[in-house]
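Summary of structural features
Chain by chain, the residues run as shown.
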Amino acid sequence: MSDNQYYQIPGVENGIRLESRVLEEKIQAAVAAGHRRIQVDAYGQHGIGGRLWQAETDKVLVRVTGHSGQRLGSMGFPNTRIDVMGPASDDVGWLNAGAEIVVHGNAGNGVANAMSQGKIFVGGNIGARGMTMTKQNPRFAPPELWVLGSAGDYFGEFMAGGVAVICGIDPQTPENILGYRPLVGMVGGRIFFRGPHDGYSKIDARMTPISDADWAWLDKGLTYFLTAVDHLNRYPEVADRDRWQMIAARGPKDKVIRKIRSMAEFQIDVWDRELGRGGLVGDLIEAEMTKIPLITTGDLRRYVPVWANRKYRAPCENACPTGIPVHDRWRMIREGRLDEAVDMALAYTPFPATVCGYLCPNLCMSACTRQNAMMPSVDITRLGKASVKAKTPTPPASTGKTVAVVGGGPAGLSVAWQLRLRGHEVTVFDRSEQIGGKIISVIPEARIPKDVVAAELERVRGLIPHVHLQQALSRDDIIGLKTDFNAVVIATGAQKPRTIPVPGGQKLTPAFEFLRRAKVDGIDPGKSVVIIGAGNVGCDVAVEARRLGAESILLIDVQKPAAFGKEKAHAEAAGAVFRWPCRTREITDEGVVLDTGELLPAHTAVIAIGDMPELDFLPDTVKTHGGFVTVNAYFQTTDPAIFAIGDMVRPGLLTDAIGAGRKAAAVIAGILEGKTPAEAVILEEAQPGQERISEYGGVHAAAFDGRQVMDKGRVKLEYFDPRITEFHDVDECGAECASCGACRDCGICVEVCPQAAISRRELLTGGYEYVVDPTRCIGCGFCVGACPCGVWDLVENEPLLV
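Everything quoted here is computed from the prediction, not taken from an experiment.

What follows is about the overall build of the protein. Across its full length, the protein holds 23 helices and 34 strands. Overall, the C-alpha framework of the protein stretches about 100 × 85 × 50 Å when taken along its three principal axes. Residue burial in the protein is summarised as follows: out of 802 residues, 51% are buried. Within the protein, contacts between residues separated by at least 24 positions form 62% of all contacts whose residues are at least 6 apart in sequence. Approximately 37700 Å² of the protein is accessible, and the part contributed by carbon and sulfur atoms is 53%. Between the mean site of the 87 positive side-chain charges and the mean site of the 96 negative ones, the protein shows a separation of 1 Å.

Another aspect to go through is the nonpolar core. Core analysis: the biggest nonpolar cluster contains 100 residues, and Trp-330, Val-415, Ile-531, Ile-645 and Ile-668 have the highest contact counts within it. Ranked by the residues each element gives to this core, the list is headed by helix H18 (residues 654-672), at eight residues. For this core, the two domains that each supply at least three residues are domain 4 (402-489 + 614-684) and domain 5 (496-612). Ile-668 has contacts with Val-403, Val-415, Leu-419, Ala-487, Val-489 and Phe-643, leaving out every residue within four places of it along the chain. Ala-107, Ile-126, Phe-155 and Leu-178 belong to the second-largest nonpolar core, a separate cluster that totals 48 residues.

Quick look at the packing of helix H11 (residues 410-421) against H18 now. Running from N to C, H11 and H18 point in directions that differ by 35°, and their axes come no closer than 7 Å. With respect to the hand of their crossing, H11 and H18 are arranged in right-handed fashion. Residues Pro-410, Ala-411, Ser-414, Val-415, Gln-418 and Leu-419 of H11 form the contact with H18, whose participating residues are Leu-654, Ala-657, Ile-658, Gly-661, Arg-662, Ala-664, Ala-665, Ile-668 and Ala-669. Looking at the contact of H11 with H18, its residues break down into eleven nonpolar, three polar and one charged.

This paragraph deals with the sheet that holds strand S23 (residues 577-579). Judged by pairing direction, the sheet is parallel, and its five strands sit side by side in the order S20-S27-S21-S22-S23 without closing on themselves. Both outer strands of the open sheet, strand S20 (509-510) and S23, are each paired with one neighbouring strand and no more. Relative to strand S27 (residues 604-607), S20 runs parallel, the two being bridged by two bridges. When the bridges of S27 are listed, Thr-509 appears paired with Val-606. Across the sheet, helix H16 (residues 536-547) lies against strand S21 (528-532), strand S22 (552-556), S23 and S27, angled at about 175° from S22, the strand it touches most.

Bringing helix H6 (residues 326-334) into the picture now. Taking burial as the measure, the nine residues of H6 include eight buried ones, the bulk of the element. Every buried residue belonging to H6 is among Val-326, His-327, Asp-328, Arg-329, Trp-330, Arg-331, Met-332 and Ile-333, and all of these are buried. Positive backbone phi, approximately 80°, marks Gly-336, located one or two places after H6.

Applying the stated criterion across every chain yields a total of six cavities of 30 Å³ or more. Within this model, the largest cavity holds a volume of roughly 150 Å³. Residue lining of the largest cavity: 15 residues in total, with Cys-316, Cys-368, Thr-369, Val-378 and Cys-737 positioned closest to the centre. For the lining of the largest cavity, the elements supplying multiple residues, two or more each, are helix H5 (315-319), H6 and helix H9 (363-366). At three residues, H6 tops the list of elements feeding residues into the lining of the largest cavity. Its residues assigned to classes, the lining of the largest cavity shows eleven nonpolar, three polar and one charged. Approximately 130 Å³ is the volume attributed to the second largest cavity. Taken together, 15 residues form the lining of the second largest cavity, with Cys-320, Ile-324, Cys-356, Cys-360 and Cys-364 sitting closest to its centre.

Tallying each qualifying case throughout the model produces eleven aromatic pairs. Here the aromatic rings of Phe-121 and Phe-225 are separated by 5.6 Å at their centres, their planes lie at 50°, and the arrangement is tilted. Here Phe-225 lies in helix H2 (residues 212-228) and Phe-121 lies in strand S8 (residues 117-122), a separation of 104 residues in the sequence. Accessibility classification places Phe-121 together with Phe-225 in one group, the buried group. One aromatic cluster in this structure is built from Phe-121, Trp-146, Phe-192, Trp-217, Tyr-224 and Phe-225.

Here we take up the environment of Ala-107. For Ala-107, the position within the fold is in the loop between strand S7 (97-103) and S8. With 20 residues separating them along the chain, Ala-107 and Pro-87 place their C-alpha atoms 5.7 Å apart.

Below, the discussion takes up the sheet that holds strand S18 (residues 487-490). Strand order in this open sheet of five strands is S17-S16-S15-S18-S31, and the pairing throughout is parallel. Strands with a single pairing partner mark the edges of an open sheet, and in this sheet they are strand S17 (467-468) and strand S31 (642-644). As defined by bridge partners, strand S16 (residues 425-429) adjoins S17 across two bridges and the pair is classed as parallel. When the sheet's bridge partners are listed, Val-428 is paired in S17 with Val-467. Strand contacts of helix H14 (residues 475-484): strand S15 (402-406), S16, S18 and S31, with the helix running at about 160° to S15, the strand carrying the most contacts.

In this section: the state of the cysteines. Two cysteines form a disulfide when their sulfur atoms are joined by a covalent bond. Enumeration according to the criterion identifies zero disulfides in this entry. The closest cysteine sulfur to the non-disulfide-bonded Cys-582 is located on Cys-539, 15 Å from its own sulfur. With relative accessibility at 5%, the residue Cys-582 sits in the buried group. Of the cysteine sulfurs around Cys-733, a residue in no disulfide, the closest is that of Cys-737, at 9.4 Å.

In most cases, non-glycine residues show a negative phi, while peptide bonds are predominantly trans. A cis geometry characterises the amide bond from Trp-580 onward to Pro-581, with omega recorded as -10°. Summarising the element assignment, Pro-581 is placed in the loop between S23 and strand S24 (584-587). Backbone geometry at Met-374 places phi at a positive 60°, although glycine is not the residue there. For Met-374, the location among the structural elements is in the loop between H9 and helix H10 (380-386). For Met-374, a relative accessible area of 60% puts it in the exposed group.

The subject of this paragraph is the pairing of S22. A large share of S22 lies buried, amounting to four of its five residues. Inspection of the sheet shows S21 paired to S22 by five bridges, in the parallel sense. Bridge pairing in S22 links Val-530 to Leu-554. You can see the chain leave S21, run along H16 and come back into S22, and the turn it takes is right-handed. Pairing geometry for S22 and S23, over three bridges, is parallel. Across the sheet, Ile-556 pairs through a bridge with Arg-579, a residue of S23. You can see the chain leave S22, run along helix H17 (residues 565-573) and come back into S23, and the turn it takes is right-handed.

One can describe the packing of H11 onto helix H13 (residues 450-463) by two numbers: an axis separation of 10 Å at closest approach and a directional angle of 45°. Considering the angle they form, H11 stands oblique to H13. Once H11 is placed against H13, the crossing between them reads as left-handed. In this structure, H11 contributes Leu-413, Trp-417, Arg-420 and Leu-421 to the contact, and H13 contributes Leu-457, Arg-459, Val-460 and Leu-463. By residue class, the composition of the contact of H11 with H13 is six nonpolar, no polar and two charged.

Time to look at the domain arrangement of the protein. The domains assigned to the protein are domain 1 (3-254), domain 2 (261-286), domain 3 (305-309 + 744-796), domain 4 (402-489 + 614-684) and domain 5 (496-612). For domain 1 and domain 2, the distance between their C-alpha centroids amounts to 45 Å.

Attention now moves to the side chain of Glu-544. By secondary structure assignment, the location of Glu-544 is in helix H16. For Glu-544, the side chain forms a polar contact with the side chain of Arg-547, separated by 3.0 Å. Discounting chain neighbours no more than four positions away, the residues touching Glu-544 are Pro-444, Phe-514, Leu-515, Ala-518 and Lys-519.

What counts and what doesn't
- Residues numbered from 1 in each chain as written.
- Predicted model: local features only at pLDDT ≥ 70, side-chain atom pairs only at ≥ 80, totals over all residues.
- Heavy atoms only, no water.
- Helix = DSSP H or I, 4+ residues; strand = E, 2+ residues; numbered from the N terminus.
- Buried < 20%, exposed > 50% of the residue type's maximum accessible area, 1.4 Å probe, protein only.
- Contact = heavy atoms within 4.5 Å.
- Areas by Shrake-Rupley, 256 points an atom, 1.4 Å probe, with all protein chains shown as cover.
- Lys, Arg positive; Asp, Glu negative; His and termini not counted.
- Charge placed at Lys NZ, Arg CZ, Asp CG, Glu CD.
- Core = buried A, V, L, I, M, F, W, Y, C linked by side-chain atoms within 4.5 Å.
- Domains from an automatic or database assignment.
- Axes fitted to C-alpha atoms, helices over the stretch in contact; angles between N-to-C directions.
- Left-handed = near helix turned anticlockwise from the far one by under 90°.
- Nonpolar A, V, L, I, M, F, W, Y, C, P; charged D, E, K, R; others polar.
- Pairing = 2+ DSSP bridges.
- 1 Å grid on protein atoms, 1.4 Å probe; cavity = no way out; pocket = protein on both sides within 12 Å on 5 of 7 lines; lining within 4 Å.
- Points joined across faces, edges and corners; volume = space filled by probe spheres on them.
- Phe/Tyr/Trp six-rings, centres within 6.5 Å; stacked < 30°, edge-to-face > 60°.
- Disulfide = S-S within 2.5 Å.
- Right-handed = clockwise from strand over helix to strand, strands pointing away.
- Parallel < 35°, antiparallel > 145°, perpendicular 65-115°, else oblique.
- Polar contact = N/O pair within 3.5 Å; in protein donor to acceptor, adjacent residues only side chain to side chain.

This is the structure in structure tokens:
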């Protein structure tokens, strides 16, 4: 490849050497500008070629001439290949996470130090401590180090994974190609080598025969390696299988047992002789060296363990705007109670399948603690989709209290559902021909099967029989509802499209109008569509436009698109292209004209920058601000008898609207029982955990939860299988849920306690608890450190009274 095919970055400007930071910024800027072949003329700068994540899956080739500094390719990404056209300094590939690094010469100390993925090829010898502290994630290919010559001292020290190949061609130390004391502390991985050695740590590793599969892998890799370092002509020298040997790490059961010195022996043989009386600092030692016989228990402990089961909210539950305790549903799955796990969702939402299974961006999964260990989140969509079969709950006896809900969309149906579950009579008014709001009117069927929506709306109608459709209420009607009902909830959503003040703006088609007409195939978008606003609604427009025959679909925005999750993925799969920043100057019959003068051809131009609520039907007692209804923390408007929720108050997700409905229902129910809104919230927060997770039968799920969110660091993910990259059924999901903050009843704390101080006790009211015997407990904290779910706390003991 000729030099003029590379984007050149010199390491010197105006005769002055660039700092390493400045050079890296230039490399990153070149990648951001679209350059994928980069040549760096190095003058000792560090870290060249690392962290080129901006290219995402595009391949980036970095060629380094001159003299590279330390840590070349450090934290390299799988999309990167680095060719050093000569020798390299220390720490080549430090913390390499996937890059392929080729050194056409010798490399210094610390090659592949702490590497976890990727390959390093060295066309010469390497210095000391190569391949040390490497690691391997079993979900990915192991890291590899290939050396043409020999390795320096302490090679493979604390190696925990990966493969190293030492070819022994023109070695620096021909009598010992593995260096002094190799493989000390090795716990994983393999070493292929060719040539003599002067021993290795037989405590940690052992010679292993090379199988046919091993040789096939090695032989194939040798050809690739020798080609990469321009030494393919040396292949005949390494092609003799009989000259190769392999060393592998010993397993835990295969370790060579060494005699462990007791503390008494250490005191006599080491401490007393070297540091004790008569030793180096013996004249300074006055402390009494006799053993202390007391290990404190009871009141003398400084710290005591506390079983804090359900003291904290799980991250998934906290992230869900609807407040569903996801981890409790997975607990039911582990207990074989699938039907109850499915039905439980109806205490929180009337749309467990529609939203949790299909439409929600699944914020609970984004918050899943498993991601701390780069493991996939437990897949709630599987349980969500199963919830279509949830049984319609039986409401309690009527309280005689009545509530009017204006709006039959997700927010309105949520508050109506919750109030009905509390025994209140609810009447829903909506101006559409059917309930469901945007779920039924604009969301494409490509995102959710029609029969799922139909089944859940039928379940809603079964619980809420009083629904008046095609009822466009006026200001006087709302005032009348205040007289006829004990409370009124406004939840009519946002229906009025936002627009932009540009010439030709009237030619724009509002996104929701486009989607409504697309649902009945009532619009022809033409061959080219431009969508102004690259959020998730714009993505839905893109998907429907493609279904209706559009061939060119462009989403533009003034900033980085807000689209995310499944909607963005569906739009990209439909061939939509995102472009930003773009500012619109004019809409013409030919398309969208940008402020740069560029014309974006469009048969149909759609505006998708959000919607505003229609507020002219509200009475004067209900104040607004910025186009939205003003409410307090309890969703009360400035008229205490009228509540407002959903997009009328602030734009949000479907789950935000449903969650607001739950909270508003809790406040309204408290007021109908004679409490103030604040008292209603406090009562909800005070409900014990067992009531919170109960099914129906007179007990509702609390809408307000004042507990703190659990610190993810308390959860021990080491108990879970990192090799699982996807889930195939709900049972697998349930088994892999960490149950953050909620005891799994595994008994590990009982087993790990060195004093046998913890026991499990059945409660007379049902359930169980784990208790600590203070006469045996020494406050060591083993239970805290071992608990998978993080339910044990170690707290300071009560001070002794003197």
